[in-house]
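# Reading the structure
Each chain, letter by letter, is given below.
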Amino acid sequence: MSASRGLLIVLSGPSGVGKGTVRAAVFANNQFQYVYSVSATTRAQRPGEVDGKDYYFVSREEFETMIQNEDLLEYAEYVGNYYGTPIQKIEENLAAGHDVFLEIEVQGAMKVKERMPEGIFIFLAPPNLEELESRITGRGTDAAHVIQERMATAKEEIELMQHYDYVVVNDQVQHAVDKINAIIQSEHLKVERVVDQIRHDMETYYEKERI
Ligand SMILES: Nc1nc2c(ncn2[C@@H]2O[C@H](COP(=O)(O)OP(=O)(O)O)[C@@H](O)[C@H]2O)c(=O)[nH]1
Ligand SMILES: Nc1ncnc2c1ncn2[C@@H]1O[C@H](COP(=O)(O)OP(=O)(O)O)[C@@H](O)[C@H]1O
């Protein structure tokens with residue numbers, strides 16, 4: 001009996017909510033062996049980042065070739081750079097029964113939802129908007145006018161929450177990690193995911209026992 005298909009898990013949410021932080025914490029103790037989907041990007045590599053592990057760092061030309069060849073499940077332009085999800089490894093891993101974990105911004109998540117609605121879409125939400133602003137400010141990477149822009153975009157992004165399956169409030173990183181793991185484990189127990197395997201086992205038993 002072949003392994004059942006893995007789950008596609010999409011973690012998204014507004015800029016600065018803590019997606020990258022929570023994802024790193026999920027993978028720091030990857031007890032359920034999720035496969036991380038490494039994205040391609042045209043943004044510059046930061047110190048400490050590893051090509052092929054954090055991202056595939058590519059030129060704009062290379063990225064545009066990937067778009068033309070339909071190598072990407074989705075892509076988005078975000079703060080002047082392209083980010084996209086290579087599709088081939090996702091397909092291979094899902095077919096092999098591995099759960100694949102994507103951490104992407106909201107426009108991209110909505111495109112994945114159109115193409116793979118069977119995915120599990122988790123929206124990471126801030127405890128409140130004051131906290132979101134203070135996280136963006138605290139990160140220290142953005143100028144004041146960019147922070148205002150990000151807060152305006154956050155309003156639109158939060159309105160898209162209704163298209164997701166689950167909302168996890170990122171009050172504390174470990175709470176968010178525990179909730180995400182709990183969601184995925186529950187999804188594995190859904191009747192429609194286990195029914196074929198159980199039926200097959202039953203048929204084998206009753207045939208063998210001739211009942
Ligand atoms: N649509 C899309 N967004 C992505 C992808 N990979 C990363 N992102 C998002 O791009 C945004 C910017 O990521 P990054 O440059 O690493 O900066 P960060 O703001 O420090 O997390 C984050 O919101 C990521 O979730 C992808 O493949 N597709
Ligand atoms: N639960 C949390 N409590 C407090 N600060 C957090 C929490 N999660 C993330 N942060 C901080 O918020 C900032 C934005 O987090 P980051 O992971 O870069 O967000 P995103 O990937 O969604 O843009 C970072 O400075 C990070 O350390």
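Computed from a predicted structure; not experimentally measured.

### Some remarks on a nonpolar patch on the surface
A surface patch of nonpolar side chains, amounting to about 530 Å² of accessible area, comprises I198, M202, Y205, Y206 and I211. Taking the relative accessible area as the measure of exposure, I198 reaches 47% and is therefore partly exposed.

### What to know about the packing of helix α5 (residues 129-139) against helix α6 (residues 144-159)
Between α5 and α6, whose axes approach to 11 Å, the crossing angle comes to 140°. Regarding the angle of α5 to α6, the classification is oblique. Taken as a pair, α5 and α6 cross one another with a handedness that is right-handed. Listed contacts from α6 to L129, L132, E133, I136, T137 and R139 of α5 are I147, Q148, R150, M151, A154 and I158. The class makeup of the residues in the contact of α5 with α6 is seven nonpolar, two polar and three charged.

### Quick word on unusual backbone geometry
One non-glycine residue, Q33, lies in positive phi territory at about 60°. With respect to the helices, strands and loops of the structure, Q33 is situated in the loop between α1 (19-28) and β2 (35-36). Residue classification places Q33 among the exposed positions, given a relative accessible area of 61%.

### Some remarks on the confidence of the model for the chain
With 99% of its residues at a pLDDT of 70 or more, the chain has an overall mean of 94. Scored as a whole, the predicted complex attains pTM 0.93, and scored at its interfaces, ipTM 0.96.

### Regarding the packing of aromatic side chains
Inspection of every chain in the model, using the stated rule, returns 13 aromatic pairs. Taken together, a centroid distance of 4.6 Å and an interplanar angle of 5° make the contact between F63 and Y82 stacked. Pair noted here: F63 is in helix α2 (residues 60-68) and Y82 is in strand β6 (residues 81-86), with a separation of 19 residues, a long-range link. Taken individually, F63 and Y82 each receive the classification buried, so the pair is uniform in this respect. Each residue in the set F27, F32, Y34, Y36 and F101 is aromatic and connected to the rest through ring pairs, giving one cluster. Over the ring of Y75 we find K111, and its NZ or CZ is 5.0 Å from the ring centre.

### Observations concerning the site of ligand 1
In the neighbourhood of ligand 1, 16 residues make up the surrounding shell, with R43, Y55, Y83, E103 and E105 lying closest. T85 is positioned with one of its side-chain polar atoms (N or O) 3.2 Å from an oxygen atom of ligand 1. E105 is positioned with one of its side-chain polar atoms (N or O) 2.6 Å from a nitrogen atom of ligand 1. Considering ligand 1 on its own, with 580 Å² of exposed area, one finds that the protein chains cover 89% of that surface. A per-class count over the shell around ligand 1 returns five nonpolar, four polar and seven charged. Viewed by domain, the shell around ligand 1 spans two of them, domain 1 (1-33 + 98-210) and domain 2 (37-96), each represented by three or more residues.

### Overview of the UniProt feature "domain: Guanylate kinase-like" (unreviewed entry) in the chain
Under the feature "domain: Guanylate kinase-like" (unreviewed entry), the UniProt entry names residues 6-185. Annotated as residues 6-185, this span is 43% helix and 22% strand, and its ends, taken at the C-alpha atoms, are 12 Å apart.

What counts and how
Residues numbered from 1 in each chain as written. Chains lettered and ligands numbered in written order. Predicted model: local features only at pLDDT ≥ 70, side-chain atom pairs only at ≥ 80, totals over all residues. Heavy atoms only, no water. Patch = residues over 30% accessible without salt bridge, like charges linked within 9 Å, V, L, I, M, F, W, Y side chains within 5 Å. Areas by Shrake-Rupley, 256 points an atom, 1.4 Å probe, with all protein chains shown as cover. Salt bridge = Lys/Arg side-chain N within 4 Å of Asp/Glu carboxyl O. Buried < 20%, exposed > 50% of the residue type's maximum accessible area, 1.4 Å probe, protein only. Axes fitted to C-alpha atoms, helices over the stretch in contact; angles between N-to-C directions. Helix = DSSP H or I, 4+ residues; strand = E, 2+ residues; numbered from the N terminus. Parallel < 35°, antiparallel > 145°, perpendicular 65-115°, else oblique. Left-handed = near helix turned anticlockwise from the far one by under 90°. Contact = heavy atoms within 4.5 Å. Nonpolar A, V, L, I, M, F, W, Y, C, P; charged D, E, K, R; others polar. pLDDT = per-residue confidence, 0-100. Phe/Tyr/Trp six-rings, centres within 6.5 Å; stacked < 30°, edge-to-face > 60°. Lys NZ or Arg CZ within 6 Å of the ring centre and 35° of its normal. Near = heavy atom within 4 Å. Polar contact = N/O pair within 3.5 Å; in protein donor to acceptor, adjacent residues only side chain to side chain. Domains from an automatic or database assignment. UniProt positions renumbered as here; feature names shortened; annotations may be inferred.

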